[in-house]
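So the chains spell out like this:
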Amino acid sequence: LRLRLHKARPAQRGGEKLAKPELFFWQRVMAYYPLHFLVSTIFAPMFIQVERWYNTPLTTTAFRAFLNYSLLQAWFPKEAEIWNQPTWFLSALTFSNLMMPTMVLPRVAELSKGGLKKLFYALTAVSLLQKVAYSETSRFHSRAVLAKPMYPLLWNLTRFHPFSALMEMTMGIVAARDVMLDGEEDKKKKRMNPIWLFLASYASLGLRLTQFDFNDAIIRGTLFVPLFTKFLTAMHRDALSESPAAITRFFGSKLMSSLGALAFPMFILHGPIGQVFYKKSIAKRLWGKAMPTSFFPIYLMIVLAASHLMNETFVKSKKVQALSARLAQFLADRTEGALQDRD
């Protein structure tokens, strides 16, 4: 991210932006699409069979498959959770990546620290406005912690709409850019231990258990995202210091790096594997019933093992990485100029 922001900074004379925005976009997509494609294909027979059990028209099944493989499902909320639900966010992420090389990174790179602060506040305000609108429309604020939203589609649009993802990604980029602009005087300032911001951000989720009129959306917009962003910024600065705090060293440890490498495979795999054990139409045919809550630790271990296997044999594969790079270059060549103001 730091490298990309540097490259996006306009040249002193020529005002040059990212030289190949199309390549930038396709490289970002190819960082996650191969695993998404593989897992979707492995579990496609299961997804399709469930739809056959519900007598879903083949045209509808085909449309859902198209949305899944094209990463367009975030724009169609009624269909987005039918196959692999977590990949809804990959769809929103793809839109955000499309906006990055031309509309976000160059603009953010032009801003001073003061401009970055204003942009962060503005994005937070817009994000909060959306969540307040959701809360008023759905007529629920503080309800039972495990209660389902009254309007699931509206809630999913609030959480995972591509424009919402773009705002939150831009907030993260603004935070990273703010650290990059630190001068010598900024580096000499006494830093707060990042652990306090870490604890405060997660403590804010506890408001869901109180009598205050907060729901998940409001807490996320007003407290968690701003506090967690401040935590990441503080840890970023702390990591650049001579004596990082314990929490910074912990998150940079080999153990956490290894777990971090499993995070993406787990994100992709936990949905389909979860359907095998918890989706009633599948679990009843396989196990006689959906698995109880007590089965969750076993399910988690299965997801961890499958993610480790996928990470070691596929994600880390040099052949897969080389093929992804070639595909990114091929697609960039075929779409050259699409993200640029030129004939």
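From a predicted model like this one, the values you see are computed outputs, not experimental measurements.

Describing the overall build of the chain
Moving on, step 1. The number of helices and strands found in the chain is 16 helices and zero strands.
Moving on, step 2. Out of the 343 residues in the chain, the part that is buried amounts to 40%.
Moving on, step 3. A sequence separation of at least 24 residues applies to 71% of the contacts in the chain between residues at least 6 apart.
Moving on, step 4. Of the accessible surface of the chain, which amounts to about 19,500 Å², a share of 65% is contributed by carbon and sulfur atoms.

Some points on the side chain of Arg64
Moving on, step 1. Positionally, Arg64 belongs in helix 4 (residues 58-70).
Moving on, step 2. According to the relative accessible area criterion, Arg64 is buried, its value standing at 15%.
Moving on, step 3. When sequence neighbours within four positions are dropped, the list of residues in contact with Arg64 reads Glu51, Thr56, Glu79, Ile82 and Trp83.

Digging into the packing of aromatic side chains
The geometry of an aromatic ring pair comes down to the distance between the two centres and the angle between the two planes.
Moving on, step 1. All told, the structure shown has 23 aromatic pairs when counted by the stated rule.
Moving on, step 2. Look at Phe277 and Trp287: their rings are 5.5 Å apart centre to centre, the planes differ by 15 degrees, and that puts the pair in the stacked class. Residue Phe277 is located in helix 13 (residues 254-278), and its partner Trp287 is located in helix 14 (residues 280-287); the two are separated by 10 residues in the primary sequence.
Moving on, step 3. Assessed through its relative accessible area of 10%, Phe277 is described here as buried.
Moving on, step 4. Accessibility expressed as a relative area gives 43% for Trp287, which makes it partly exposed.
Moving on, step 5. If you follow Arg28 out to its NZ or CZ, it ends over the ring of Phe24, 4.7 Å from the centre.
Moving on, step 6. Positioned above the aromatic ring of Phe120, the side-chain terminus of Lys230 is 6.0 Å from the ring centre.

What to know about the side chain of Ser281
Moving on, step 1. Within the element layout of this structure, Ser281 appears in helix 14.
Moving on, step 2. Judged by relative accessible area, Ser281 falls into the buried class, the value being 9%.
Moving on, step 3. Setting aside its immediate chain neighbours within four residues, Ser281 contacts Val50, Trp53 and Tyr54.

Things to note about the pattern of salt bridges
Moving on, step 1. Within this structure, the stated rule accounts for nine salt bridges.
Moving on, step 2. Note that Asp182 and Arg237 form a salt bridge whose closest N and O atoms lie 2.5 Å from each other. Taken together, the residues span a long stretch of sequence, with Asp182 in the loop between helix 8 (162-180) and helix 9 (184-188) and Arg237 in helix 11 (residues 216-239) at a distance of 55 residues. The two residues Asp182 and Arg237 agree in class, both being buried.
Moving on, step 3. Each member of the salt-bridge network shares a partner with another, and the members are Lys113, Asp178, Asp182, Arg191 and Arg237.

Overview of the nonpolar core
Moving on, step 1. Membership of the largest hydrophobic core comes to 29 residues, with the highest contact counts inside it found for Val39, Phe43, Ile273 and Phe277.
Moving on, step 2. Within the residue set of this core, elements represented by two or more residues are helix 2 (21-30), helix 3 (33-53), helix 5 (87-110), helix 13 and helix 15 (296-315).
Moving on, step 3. By residue number, the principal contributor to this core is helix 3, which donates eight residues.
Moving on, step 4. Dropping the residues within four chain positions of it, Ile273 is found in contact with Phe43, Tyr299, Ile302, Val303 and Ala306.

Details of the confidence of the model for the chain
Moving on, step 1. For the chain, per-residue confidence averages 84 on the pLDDT scale, and 89% of positions sit at 70 or higher.
Moving on, step 2. In this model, residues 1-16 is a region of pLDDT below 50 whose contacts with residues beyond four sequence positions or in other chains number 33 contacts.

Quick word on helix 2
Moving on, step 1. Most of helix 2 sits inside the fold, with seven of its 10 residues counted as buried.
Moving on, step 2. The complete set of buried residues in helix 2 reads Pro21, Glu22, Leu23, Phe24, Phe25, Val29 and Met30.

Quick notes on the environment of Ser135
Moving on, step 1. Along the chain, the position of Ser135 falls in helix 6 (residues 113-138).
Moving on, step 2. When its relative accessible area of 1% is taken as the criterion, Ser135 is described as buried.
Moving on, step 3. Here the alpha-carbon distance between Ser135 and Asp216, two residues 81 residues apart in the chain, equals 9.6 Å.

Examining unusual backbone geometry
When glycine is set aside, most residues are seen to have a negative phi, and most peptide bonds are trans.
Moving on, step 1. Even without a glycine there, the phi angle at Asn55 is positive, about 55 degrees.
Moving on, step 2. Mapped onto the secondary structure, Asn55 falls in the loop between helix 3 and helix 4.
Moving on, step 3. Look at Asn55 and you get exposed, because its relative accessible area is 64%.

Some details on the packing of helix 3 against helix 15
Moving on, step 1. Taken N-terminus to C-terminus, the directions of helix 3 and helix 15 make an angle of 120 degrees; their axes are 12 Å apart at the nearest point. What the angle tells us is that helix 3 and helix 15 run oblique. Like other packed secondary-structure pairs, helix 3 and helix 15 cross with a definite hand, here right-handed. Along the contact surface, helix 3 presents Pro34, Leu35, Leu38 and Val39, while helix 15 presents Met310, Phe314 and Val315.

Each value, and the rule that gives it
Residues numbered from 1 in each chain as written. Predicted model: local features only at pLDDT ≥ 70, side-chain atom pairs only at ≥ 80, totals over all residues. Heavy atoms only, no water. Helix = DSSP H or I, 4+ residues; strand = E, 2+ residues; numbered from the N terminus. Buried < 20%, exposed > 50% of the residue type's maximum accessible area, 1.4 Å probe, protein only. Contact = heavy atoms within 4.5 Å. Areas by Shrake-Rupley, 256 points an atom, 1.4 Å probe, with all protein chains shown as cover. Phe/Tyr/Trp six-rings, centres within 6.5 Å; stacked < 30°, edge-to-face > 60°. Lys NZ or Arg CZ within 6 Å of the ring centre and 35° of its normal. Salt bridge = Lys/Arg side-chain N within 4 Å of Asp/Glu carboxyl O. Core = buried A, V, L, I, M, F, W, Y, C linked by side-chain atoms within 4.5 Å. pLDDT = per-residue confidence, 0-100. Axes fitted to C-alpha atoms, helices over the stretch in contact; angles between N-to-C directions. Parallel < 35°, antiparallel > 145°, perpendicular 65-115°, else oblique. Left-handed = near helix turned anticlockwise from the far one by under 90°.

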